[in-house]
Amino acid sequence: MFETFRLGRRRFVQATGLTMIAGAATGGQVSAAPESDSGEPPVDAGDVFDHLDRAAISVFARDLETGEPIADSGSARPVPPASTTKVLTTATAFDELGPDYRYETTVGVVGDRRNERVVESLGIVARGDPDVTAADLEALAEAVAETGVRRVTDRLVVDVSAFDDGEHAPAWTLGDAVNSYGSKSSAFVVDHNEVEVTVSRRGDDCEFDVAVEPDSGLIDVDVDLECVDEDRFVTITAPDHWTNTVEVGGRMVPDDEATADVPVGTPNEHAAGVFVRALEEAGVSITPGGAGLEPAVDITDEPIELTEELATHESRPLSAIADGLNDWSYNMVAENIARTVATERDGVGSWAAWEGILGAALEDAGAETAQIRDGSGLSRHDLASARDVVAMIEWGLEAEWSDTFRETIPIAGEEGTVRNRLTDVEPTVRAKSGSLRGVTCLAGVVEDDEEPIASFAVLAANLTGERASGASPRVDELVAKIADEAT
């Protein structure tokens, strides 16, 4: 049924010139197809946003069967798309890599194998897998041990040449970098490049226990807490994005505990440290110059040659990774996926290369207004109109992987960041949320019996004061009107 629908819609687009019109980006209102009898789309954004003249609102929704617009207000106006960008990243990655793409992280021998139990050095080739967990590295270390290797006489060499030396995409802010949502992109990853720091106070004693997971031995936790009987207040922060120092401050009451996720300052080195400890737990020691010395680890941006491959960790398929990405809006995951597309296409994972690849995809989709610098939408340089976002969504719905793509967009009222939104809307709405300071967005598809019947994007920016605090309910109200009209 869906294939028939898609072909029928494609014929409609070709007959009416919708693809070319949908990509128009010259400003003002652009009509994509015949509208309602009144000459206006049936859903008016002005009924919800009563301050269209004092904010930057870009709204577009289309009936996918007829091609007629359901809502159209400032639809060609470029605004920050925030995390709705992740839907564009997903579609482009599926087109370039395929939904079944899997990352591989390989460990092998570098240099000579002295005998069955002893090798000169171990090498690990990291390709940017954003999904690697500490448990995955433990399993990889155990697989190395199962080959019989017990001692490494020189060092562990980590090949991170898949990506260039950037860690944050263009125009992220310092405020992003020191928060867990802004963890760095890296070729070697563990647990989204975050650590969970737990600080506890036992009983009445003014002494504190600190736990870090996963523990690489590189994370320093500075505790500056006051012991009180009331008025508890605890902060756990990583104030310097270039270091691995975590600061804990505030006041703790007896038998108290506080936990927070914080970004790692040196993610490649941190992941290597976690792997070294996993090797030691598996019975593989790295003993340069003899026992008792710290294991030597080299991080290199030059490709290494493995004289013998010992073990490989294969990731989940990209479709599963993208499903979690869009459900929970992991910025680092989006950046690693974007850079992986660049690596596979151009040999190195740079954001400049990604910008060109995504730009070509946007052009193919008829989205001519968009300028996207990163994979996540956190860059303050990103701009796109509602028409651009809808064009990319519809481009994905036309692809051979359309069902997989659509299913990565979370169901409102049920999943991810939209699990508490649009709970009273009867048709199924799949929606990716996005937010920055002064920006609130929602984009996706309306479904009927698991078939897409409408596409939409509501991008609201330049919001201040009460308009900012009340933006999400207004966006939801508008999307609910669009969904109701679509059915």
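Residues numbered from 1 in each chain as written. Predicted model: local features only at pLDDT ≥ 70, side-chain atom pairs only at ≥ 80, totals over all residues. Heavy atoms only, no water.

Caption draft 1: Local environment of the sheet that holds strand β11 (residues 245-252). Overall, mixed pairing links the 3 strands, which are arranged β9-β11-β10 in an open sheet. Of all strands in the sheet, those bounded by a partner on one side alone are β9 (220-227) and β10 (233-237). Averaged over all pairs of adjacent strands, the angle between strand axes in this sheet comes to 5°, irrespective of strand direction. (Pairing = 2+ DSSP bridges. Helix = DSSP H or I, 4+ residues; strand = E, 2+ residues; numbered from the N terminus. Axes fitted to C-alpha atoms, helices over the stretch in contact; angles between N-to-C directions.)

Caption draft 2: Highlighting the pairing of strand β8 (residues 208-213). Of the pairings in the sheet, the one linking strand β7 (residues 194-201) to β8 comprises 6 bridges and is antiparallel in character. Residue pairing in the sheet places S200 in a bridge with D209 of β8. Where β7 hands over to β8, the hairpin turn is made up of 6 residues, of which G203 adopts a positive phi near 60°.

Caption draft 3: Here's a closer look at the nonpolar core. Within the largest apolar cluster, 60 residues are counted, with the highest numbers of intra-cluster contacts made by I337, L362, V389 and M392. Listing elements by their share of this core, those giving two or more residues are β1 (56-63), α3 (85-97), α7 (318-328), α8 (331-346), α9 (351-365), α10 (386-397), β17 (439-448) and β18 (451-461). In contact with L362, not counting residues within four places along its chain, are L88, A367, A370, I372 and M392. Judged by nonpolar contacts, the second largest core, of 35 residues, contains A145, A278, A282 and I286. (Core = buried A, V, L, I, M, F, W, Y, C linked by side-chain atoms within 4.5 Å. Buried < 20%, exposed > 50% of the residue type's maximum accessible area, 1.4 Å probe, protein only. Contact = heavy atoms within 4.5 Å.)

Caption draft 4: Looking closely at the side chain of H270. By the element assignment, H270 lies in helix α6 (residues 267-281). Owing to a relative accessible area of 0%, H270 belongs among the buried residues under this scheme. There is a polar contact of 2.7 Å between the side chain of H270 and the side chain of S216. (Polar contact = N/O pair within 3.5 Å; in protein donor to acceptor, adjacent residues only side chain to side chain.)

Caption draft 5: Molecular detail of the sheet that holds β17. Here we have 5 strands laid out as an open sheet, ordered β2-β1-β18-β17-β16, and antiparallel in their pairing. Single-partner strands in this sheet number two, and they are β2 (69-73) and β16 (428-436). Taking each pair of neighbouring strands and ignoring which way they run, the sheet shows an average axis angle of 10°. The sheet strands contacting α10 are β1, β2, β17 and β18, and the helix crosses β18 at an angle near 155°.

Caption draft 6: Region of interest: the domain arrangement of the chain. Domain boundaries in the chain define domain 1 (46-99 + 318-486), domain 2 (104-167 + 267-314) and domain 3 (180-263). Each of domain 2 and domain 3 has a C-alpha centre, and the two are 28 Å apart. Between domain 2 and domain 3 lies a buried interface of about 1,800 Å² when both sides are counted; carbon and sulfur atoms form 64% of it. In this assembly, domain 2 and domain 3 are joined by 2 salt bridges. Among the ionic pairs, R277 bridges to D215, the shortest N-O distance being 3.1 Å. Taken together, the connections running from domain 2 to domain 3 amount to 8 residue pairs in polar contact (both at pLDDT 80 or more). Those elements that place two or more of their residues in the side of domain 2 that touches domain 3 are α4 (134-146) and α6. (Domains from an automatic or database assignment. Buried area = accessible area lost by both parts, 1.4 Å probe. Salt bridge = Lys/Arg side-chain N within 4 Å of Asp/Glu carboxyl O.)

Caption draft 7: Main features of the state of the cysteines. In total, this model carries 1 disulfide according to the counting rule given. Across the disulfide from C206 sits C227; the S-S distance is 1.9 Å. In this structure, the disulfide formed by C206 and C227 twists by about 95° around the S-S bond and is classed as right-handed. Of this pair, C206 sits in the loop between β7 and β8 while C227 sits in strand β9, and the two are 21 residues apart along the sequence. (Disulfide = S-S within 2.5 Å.)

Caption draft 8: Spatial organisation of the pattern of salt bridges. Counted according to the given criterion, the structure contains 19 salt bridges. Of the charged contacts in the structure, one is a salt bridge between D154 and R155, with a shortest N-O distance of 3.0 Å.

Caption draft 9: Examining α6 more closely. Given a rise of 1.5 Å per residue, 15 residues ought to cover 21 Å, and the 21 Å separating the end C-alpha atoms of α6 matches this to within 8%. In terms of burial, α6 is largely enclosed, as 11 of its 15 residues are buried. Looking at α6, one finds that the buried residues are P267, N268, H270, A271, A272, G273, V274, F275, V276, A278 and L279. Once α6 ends, the next one or two residues include G283, with phi positive near 95°. (Expected span 1.5 Å × (residues − 1).)

Caption draft 10: View of the packing of α3 against α9. Closest axis-to-axis distance for the α3/α9 pair is 10 Å, and the angle between their directions is 90°. As far as their axial angle goes, α9 and α3 are roughly perpendicular. In this structure, α3 uses L88, T89, T92 and E96 to contact α9, whose residues at the interface are W354, I357, L358, A361 and L362. Taken together, the residues of the contact of α3 with α9 sort by class into 6 nonpolar, 2 polar and 1 charged. (Parallel < 35°, antiparallel > 145°, perpendicular 65-115°, else oblique. Nonpolar A, V, L, I, M, F, W, Y, C, P; charged D, E, K, R; others polar.)

Caption draft 11: Geometry of the pairing of β18. Counting buried residues in β18 gives 11 out of 11 residues, a clear majority hidden from the surface. Direction of pairing for β1 relative to β18: antiparallel, over a ladder of 8 bridges. For R62, the partnering residue across the bridge sits in β18 and is S455. Across 9 bridges, the pairing between β17 and β18 is antiparallel. Bridged to D448 within β18 is E451.

Caption draft 12: Quick peek at α4. Helix length check: α4, at 13 residues, gives a terminal C-alpha distance of 18 Å against a target of 18 Å (1.5 Å per residue), a fit within 8%. As for α4, its buried residues are in contact with β3 (104-113), β4 (118-125), α6 and β15 (308-314). G148 sits one or two residues past α4 and shows a positive phi near 105°.

Caption draft 13: Region of interest: unusual backbone geometry. Residue P214 is reached from E213 by a cis peptide bond, and omega for that bond is -10°. Relative to the assigned elements, P214 resides in the loop between β8 and β9. Positive phi, close to 60°, is recorded for D231, a residue that is not glycine. Within the secondary structure, D231 is located in the loop between β9 and β10.

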